[in-house]
Amino acid sequence: MDAPTMDTIYQAISALYDNPNASEKEKASRWLAEVQKSIRAWNIADELLQQKKDLNSCYFAAQTMRSKVQHSLYELPVEAHVSLRDSLVSHLEHTSPETSASVLTQLSLALADLALQMPSWQNCISDFINSFSNRNDFALLEILTVLPQEIDSSSLKLGENRREDIKGELRSNANSVTFFLKESITNSQNTHVALKIIKCMTSWIQVRAINIQEVPQNAVIGFSLQVLRDHNSINTLHDAASDCICALLHCLEESNSNDNDNIERLLFESVSALEESYHMAVAHEEDEKATNYARVFTELAETFLEKIIISMSGGSTHFAMRSLELALVCVGHHDYEVAEITFNLWYRLSEEVYQRDYQTLTDAFKPHIERLLEALARHCQCEPDHTQLPDEGDEFYEFRVKVMGLIKDVVFIVGSSSVFRQMFAALQADISWEQTEAALFVMQCVAKNTLPEEYTYVPMVVEAILSMPEGTHLAVRKTCILLLGELCEWIERHGECLEPCLQFLIRALQNKQLAYAAATALQNICKACRSQASSHVSSLMRAAAASDELALSPLASAALMRALASAIGRLPHDQLAVAMREAVALQINGLLEVVKSGGEVRKGTASDPAVWLDRVAALFRDVDVTILASENNHPCVPALADAWPVLEQVLEKYGSDGRVMERWCRAVRFGVRCSGRRAAPLAPALAARLQRLYGRAPHSCVLYLASVLLDELHTDPAAVAPLVALLQDIMPRALHLLQQPGGLQDNPDTVDDLFRLCIRFLQRIPLEFLSSDSALNTVLQCATLACSLDHREANSSVMKFLYDFIKIANKPRASDKLQLKKLADDALLRHGEDMTAALLEASVLHLHSYMLAEVGEVLLELLAWQRGAGAEWLLAALQRLPARPAAATPQQQRQFHQYALRAEKNKEMTRLLRDFARLYR
């Protein structure tokens, strides 16, 4: 773009912030974004900051400067960095407490990011203190706050060498900064300044720049504790003080040094002393402060948790045991959001106790968990004026889901039967409906953990549910139904209860507000009691036939179909075939009407083909037929064959609709999975249809379905050729899609499903796959391209494919594998060097550290294939990595190369990759 005048810049900024016309705002935003991308933005931002015409132009300039320093510093020659530094320092020196906080922050971030990316700027902290101290303390506070926060910024990619250098610089200047903060807090009575001081200290604690041993003398930490002791403190100051103490406790936990005993006791006593302040905050309905105290108390307990457990295991009580009591005090708060803050503590406690599997230890924490469960039951009570349970997506609904997960995790400490007994006892009292429902909800959480032999309380609960009056509160009825479903394993052991339970749930389907819960319970019970449920197929079939008449939701009808399928699956094969054809026909006939009608599709209704396809999928998914290997026929194949003509018509009509096609592929997938190799006669028609479908619209579900077809039908020679042809046809289209700008990031499902398919080819028919040069070369190009995709599942599929492929080349030269090895060898000679470079670059620049274990496996296999070629490829890959200031030194690169060639186990290679990657980001 041509250089814009300053007047034009000001006009655009005015349009962006002040023009009420939305289209003009959008136009100005796009134009200014282009300005920011240009190299002229450096001078424009500097000029705007010097002129200080108005707040909006100053903010735009400061934000531009920060963005350019963070993302585009390479645009400037290294010798220009000093003048840029001086300019930023000058702009910051001219700020004042009246300067907009957003402008000050952006300028401080720009200067901090520049300092971090300038290894030549030695001891920048000292320079900051010398430049700003006593001249502009406010700006200095902001700079010293943001600089530690930016050290681990993913945008800067500083590399481990530079990070360690700057952290060392922070530690060496910690005393100077601590003294500056102490002087600032002593000299200023301004709350806003005090807030800045605490936030600055928190930043330094979080990067471990503050020596734990010096905590008793630290004035800012003392001030933070003072703020927390005063329940009348300003909320923002209280928040910041809580963050500071939590950061300190986290730091103490990580240090885990035996030299910290005195500091540990001091901090424990200081934080424990805040209990009275917590109660005062609760009494004065200061919920924000109560939340802060809950965070601090929970962090305190987590800091000492391991030591508490070790002490209890040895038969003694750690002095910090009281921190669990403090956390329980917070669980007792009237607001469930305060209680939720403590949940991670109880997860960690249960995990530690479970791993140690020591009854004395379990018993030691039983009183705490009993109190926790009692409090959770209170928090799960609905509001008395509510007419039903909270809906999915509601905050209270999500809280109850978390409570359910927590109870299931900790219940082993007290025992499921004990919880069931405790809640049953609560139900015997004269309590409100919301208390009743909450007790039943807790029972629901532990029902599957209840011993099937329980004969005392469960029978009485089941009897009470089955005889529940119609006028019972709707929420109580719904929870009772869900509880019944969770008791499915108990019902399986008490067959006399099955029929009344099924009839009770089928009747409940008639109530729209209870239908989904009833269908889910039916699904659970029929799946657990397949053999006994088979005698009730007719009742379930009638309920399934009435799905549309009952106006069941799509989820409810699918759950009902799965219940029916579970019951059908244990019928004798001749009866099973008839029942399955009848059940599928009900859905296929409805689907055919939708196809023929040509009317408007209303999502989630009977006019939606996806609804009918979901039901078909549910039937095939859960039928679970037992077939002997010697049997050539499968009782579900006739139902699948009946459905195929209608499924073909759906494909023709809705092939471009991704939502419908995903459901179509799922229905066919479960049908083929269910029928296995006996569905082979459908393979040619299916493969041809999928070829045409992927040509029209590259749905990733087509690739996944193809992998299922290959998995199930590869033993039939007639199915192999069509499936190989399908791969050859779809590969160029898939590669073209992934090579587009953003193609990998926008289509992770395609990457995942594509390489799942290729893995199946390697596993099932490797010779046919490796013999197809065009398909194999395209697949390896795709794999090399997709190495850098930082999507966990998709990248895992790519790595699994590459590992399996290279493994073929590394197999012993057995005569039956010789042809496979030769084909793999030839392909590796063509693609190995690019593959090695892509794997190393992905590890260093793109992938999360938790994804590197699988990359390490692939690299080990590559290096094991041909030592000489592998060593050369790895060396070339290292030389292709971007040269950055303070990235890996030549010596570190050589060291990595040597160690990688010696690595024998994947654990070693993974550690090497992680350590090496830290040098670049």
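The rules behind the values
Residue numbers run consecutively from 1 along every chain, following the written order of its sequence. Residues qualify for local features only when their pLDDT is at least 70, as the model is predicted, and side-chain atom pairs are given and counted only at 80 or more; totals for whole chains, interfaces and linings, by contrast, use all residues. To get the side-chain values, take all heavy atoms of the structure and skip hydrogens and water. By the criteria applied, helices consist of DSSP H or I runs no shorter than four residues and strands consist of E runs no shorter than two, each listed in order from the N terminus. Partly exposed residues are those whose accessible area sits between 20% and 50% of the maximum for their type, while under 20% is buried and over 50% is exposed, using a 1.4 Å probe and protein chains only. A contact between two residues is defined here by any heavy atoms of the two lying within 4.5 Å. Computed by Shrake-Rupley with a 1.4 Å probe, the accessible areas treat only the displayed protein chains as cover when residues are assessed. Only four residue types enter the tally: Lys and Arg on the positive side, Asp and Glu on the negative side, with His and both chain ends excluded. Here the site of a charge means NZ on Lys, CZ on Arg, CG on Asp, or CD on Glu. Under the pairing criterion, centres of Phe, Tyr and Trp rings, with the six-membered ring standing for Trp, must be within 6.5 Å; the plane angle then separates stacked pairs below 30 degrees from edge-to-face pairs above 60, leaving the rest tilted. Scored from 0 to 100, pLDDT records how confident the predictor is in each individual residue. Expected helix span is taken as 1.5 Å per residue step, with the number of steps being one fewer than the number of residues. Polar contacts, as counted here, are pairs of nitrogen or oxygen atoms within 3.5 Å of one another; within protein the pair requires one atom able to donate a hydrogen and one able to accept it, and residues that are adjacent in sequence qualify only if both atoms are side-chain atoms. For our purposes a nonpolar core is just a set of buried Ala, Val, Leu, Ile, Met, Phe, Trp, Tyr and Cys residues, chained together by side-chain atoms within 4.5 Å. Take a side-chain nitrogen of Lys or Arg and a carboxyl oxygen of Asp or Glu: if they are within 4 Å of each other, that pair is a salt bridge. Each axis is a line fitted through C-alpha atoms, taken for helices only over the stretch in contact, and angles between the N-to-C directions span 0 to 180 degrees. In this scheme, a crossing is called left-handed if the near helix is turned counterclockwise away from the far one by less than a right angle; it is called right-handed if the turn is clockwise. Classification convention: Asp, Glu, Lys, Arg as charged; Ala, Val, Leu, Ile, Met, Phe, Trp, Tyr, Cys, Pro as nonpolar; all other residues, Gly among them, as polar. Excluding any residue in a salt bridge, patches collect residues exceeding 30% relative accessible area, merging like charges within 9 Å and nonpolar Val, Leu, Ile, Met, Phe, Trp and Tyr side chains within 5 Å.

### Looking at the overall build of the protein
At step 1: Within the protein, the regular secondary structure consists of 49 helices and zero strands.
At step 2: Along the three orthogonal principal directions, the C-alpha set of the protein runs to about 90 × 75 × 65 Å.
At step 3: Considering the protein as a whole, with its 921 residues, one finds that 54% of them fall into the buried category.
At step 4: A fraction of 74% describes how many contacts in the protein between residues 6 or more apart in sequence connect residues 24 or more apart.
At step 5: Working note: accessible area of the protein is about 40000 Å², and carbon and sulfur atoms make up 48% of it.
At step 6: Counting 87 positive and 116 negative side-chain charges, the protein places the centres of these two groups 6 Å from one another.

### Side note on the packing of aromatic side chains
At step 1: Scanning the model with the defined rule gives 21 aromatic pairs in all.
At step 2: Ring geometry for Tyr278 against Phe297: centres 6.3 Å apart, planes inclined by 65°, an arrangement best described as edge-to-face. Highlighted residues: Tyr278 in helix H15 (residues 275-283) and Phe297 in helix H16 (residues 287-313), separated in sequence by 19 residues. The residues Tyr278 and Phe297 share a single accessibility class, namely buried.

### Focus on the confidence of the model for the protein
At step 1: When pLDDT is averaged across the protein, the result is 91; 99% of the residues are at 70 or more.
At step 2: Within the protein, the element-level pLDDT minimum falls on helix H39 (residues 717-739), averaging 85, and the maximum on helix H17 (residues 322-331), averaging 97.

### Remarks on helix H4 (residues 55-72)
At step 1: Counted at 1.5 Å a residue, the expected span for H4 with its 18 residues is 26 Å, and the 25 Å between its end C-alpha atoms agrees.
At step 2: Of all the positions in H4, only Ser57, Cys58, Phe60, Ala61, Ala62, Thr64, Met65, Arg66, Lys68, Val69, Gln70 and Ser72 are classed as buried.
At step 3: Those residues of H4 that are buried are in contact with helix H1 (6-18), helix H2 (22-37), helix H3 (41-51), helix H5 (81-93), helix H6 (101-116) and helix H8 (137-150).
At step 4: One side-chain oxygen at the N-terminal end of H4 lies 3.3 Å from the backbone nitrogen of Asn56; it belongs to Asp54.

### Some details on the nonpolar core
At step 1: If you look at the biggest cluster of nonpolar residues, it comprises 348 residues, and the most contacted ones within it are Trp346, Ile568, Trp664, Phe755, Phe801, Leu802 and Phe805.
At step 2: Excluding residues that lie within four positions of it along the chain, Phe805 makes contacts with Leu762, Leu770, Leu776, Leu780, Ala824, Ala827 and Leu828.

### What to know about the side chain of Glu434
At step 1: Among the secondary structure elements, Glu434 is positioned in helix H24 (residues 433-446).
At step 2: One buried charged residue, Glu434, forms no salt bridge at all, with the nearest opposite charge on Arg400 at 11 Å.
At step 3: A polar atom in the side chain of Glu434 sits 3.2 Å from the side chain of Trp433.
At step 4: Excluding anything up to four places from it in sequence, Glu434 contacts Gln381, Cys382 and Pro384.

### Considering the environment of Arg918
At step 1: For Arg918, the location among the structural elements is in helix H49 (residues 906-918).
At step 2: Taking C-alpha positions, Arg918 is 29 Å from Leu141, a pair spaced 777 residues apart along the chain.
At step 3: Leave out the neighbours within four places in its chain, and Arg918 touches Gly159, Glu160 and Arg163.

### Side note on unusual backbone geometry
At step 1: Residue Lys157 is not a glycine yet carries a positive backbone phi of 50°.
At step 2: Position of Lys157 relative to the elements: it lies in the loop between H8 and helix H9 (160-172).

### Some words on the packing of helix H14 (residues 261-272) against H16
At step 1: For the pair H14 and H16, interaxial distance at closest approach is 10 Å and the crossing angle is 145°. Our pair here, H14 against H16, has a crossing hand that is left-handed. Contact with H14, carried on its side by Glu264, Phe268, Val271 and Ser272, involves Val296, Phe297, Leu300, Phe304 and Lys307 of H16 and no other residues of that element.
At step 2: By residue class, the composition of the contact of H14 with H16 is six nonpolar, one polar and two charged.

### Things to note about the pattern of salt bridges
At step 1: Across all of its chains, the model carries 46 salt bridges by this definition.
At step 2: The residue Arg295 makes a salt bridge to Asp243 at a minimum N-O spacing of 2.9 Å. Of the two residues, Arg295 is situated in helix H16 and Asp243 in helix H13 (residues 235-255); the sequence distance between them amounts to 52 residues.

### Here we look at the environment of Asp746
At step 1: Summarising the element assignment, Asp746 is placed in helix H40 (residues 743-746).
At step 2: In the structure, Asp746 is positioned 439 residues away from Lys307 in sequence and 46 Å away in space, judged by C-alpha atoms.

### Observations concerning a positive patch on the surface
At step 1: A cluster of like positive charges, contributed by Lys408, Lys448, Lys527 and Arg621, occupies part of the molecular surface.
At step 2: Within the secondary structure, Lys408 is located in helix H22 (residues 395-414).

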